[in-house]
Amino acid sequence: MGGAAITDMDGFELGAPSLVCRWRLSNCRLPLENRHLRALLARDVNGSRVPTELMAWAKQHIEWTLEQGASEHPNGTLMLIVDGQGRAAMTVGPFVPLADASLAGLMRRADRARGEAERSHVAPETLWVVRRNVLTWDPGERCAPSGAASLIGQLAQTLGLDVRAHDGLTDAIVAGSLPFDEAFLVSDEHGVVPAIDARGPHGVRFAQGYQRLLDRG
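Here we summarise the structure given alongside this text. (Residues numbered from 1 in each chain as written. Predicted model: local features only at pLDDT ≥ 70, side-chain atom pairs only at ≥ 80, totals over all residues. Heavy atoms only, no water.)

## Description of helix α2 (residues 52-69)
Here's step 1: At glutamate 63, α2 shows its maximal bend, which comes to roughly 50°.
Here's step 2: Here α2 has its buried residues at Leu54, Trp57, Ala58, His61, Ile62, Leu66 and Gly69. (Bend = angle between axes of the 7 residues up to and from the residue. Helix = DSSP H or I, 4+ residues; strand = E, 2+ residues; numbered from the N terminus. Buried < 20%, exposed > 50% of the residue type's maximum accessible area, 1.4 Å probe, protein only.)

Written as C-alpha cells, this is what we have:
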C-alpha cells in the first residue's frame, strides 16, 4: 500500500517487517487509540513482548504528527511497522474496503489472522458468529483481543449478550458442528463487516455503531 511516512524512530532505513498493525483512521484521528495501544503492548515481536518504550513512542507520534501525516488520507489506514531489530515506523495510506465479504472470504481472513496471533498473541481480525443471544469468537489460545475486538466484546456485554470463546471456530463452521444465525468479521482496519450471505441484526447493529464512532472522528 502506498502512503506517506509519518515518522520513524531514529531516521533509520526499516528492515523486513516482523509486525504490522493496520488501524483505521477517521478525519486524521485514530478513534480506538487507547484500545489499539493496549493491544500493541500485549503483542510479541521477534519472540519478545513489545516494550513499553515502543508503545510510548507510538502514542507520542500519534498525538504529535498523525494529523499532518494523515492529511492526504484523513480516513485512511495507519500502519505501524516493526522490523526484525525492533525499530519502528508509521505510514498512512488509503483505506480499501474488502472486496470479498462472503462468509468464506471472512473465514479466510480470520484464519490468516489466527496464524498471526500464534506469533504475536493478538489477532487483528476475528470472525464472530451469533446464535440467539450468544456471540462466539476465536481469540486464539492465550491471546489478547485486538482493539476492535475489545470494543465489540464490551458493547456485547452492555447489550446483555453472552460472549463465548471457541477454539477452532472456522473449523467447526466448516464441519457443521457449530450452528449459528449470522456471522461478521471484526477488524482493526475494516471495523465490523457482516457476511453478505450470513447477515443478521446483531452484526448490522455493531457495524452501525462502529460507523458512528468513525463519524465522530
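## Structural notes on the sheet that holds strand β11 (residues 191-194)
Across a sheet, strands are paired by hydrogen bonds formed along the backbone, either parallel or antiparallel in direction.
Here's step 1: Taken in spatial order, the five strands line up as β9-β8-β7-β10-β11 in an open sheet, and their pairing is mixed. On the outer flanks of this sheet lie β9 (162-165) and β11, each paired with one strand and no other. With direction set aside, neighbouring strand axes in the sheet form an average angle of 25°.
Here's step 2: Those strands touched by helix α3 (residues 103-120) are β7 (125-131), β10 (182-187) and β11, and its axis lies near 130° from that of β7.
Here's step 3: Strand contacts of helix α4 (residues 147-158): β7, β8 (134-137), β9, β10 and β11, with the helix running at about 135° to β10, the strand carrying the most contacts. (Pairing = 2+ DSSP bridges. Axes fitted to C-alpha atoms, helices over the stretch in contact; angles between N-to-C directions. Contact = heavy atoms within 4.5 Å.)

## Observations regarding the side chain of threonine 136
Here's step 1: Its location among the elements puts threonine 136 in strand β8.
Here's step 2: Apart from residues no more than four positions distant in its own chain, threonine 136 is found in contact with Leu127, Trp128, Val129, Arg164, His166, Leu169 and Leu178.

## Focus: the environment of arginine 87
Here's step 1: Counting through the fold element by element, arginine 87 comes out in the loop between β5 (77-83) and β6 (88-93).
Here's step 2: Sequence separation between arginine 87 and proline 17 is 70 residues; the distance between their C-alpha atoms is 9.4 Å.

## Some points on the packing of aromatic side chains
Here's step 1: All told, the structure shown has three aromatic pairs when counted by the stated rule.
Here's step 2: With centroids separated by 4.6 Å and ring planes inclined at 15°, the aromatic side chains of tryptophan 128 and tryptophan 137 adopt a geometry described as stacked.
Here's step 3: Overall, the relative accessible area of 0% leaves tryptophan 128 in the buried class.
Here's step 4: Aromatic side chains phenylalanine 184 and phenylalanine 206 sit 5.8 Å apart centroid to centroid with 50° between the ring planes, which places their arrangement in the tilted category. Taken together, the residues phenylalanine 184 in strand β10 and phenylalanine 206 in helix α6 (residues 201-216) connect sequence positions 22 residues apart.
Here's step 5: The buried category is assigned to phenylalanine 184, whose relative accessible area is 0%. (Phe/Tyr/Trp six-rings, centres within 6.5 Å; stacked < 30°, edge-to-face > 60°.)

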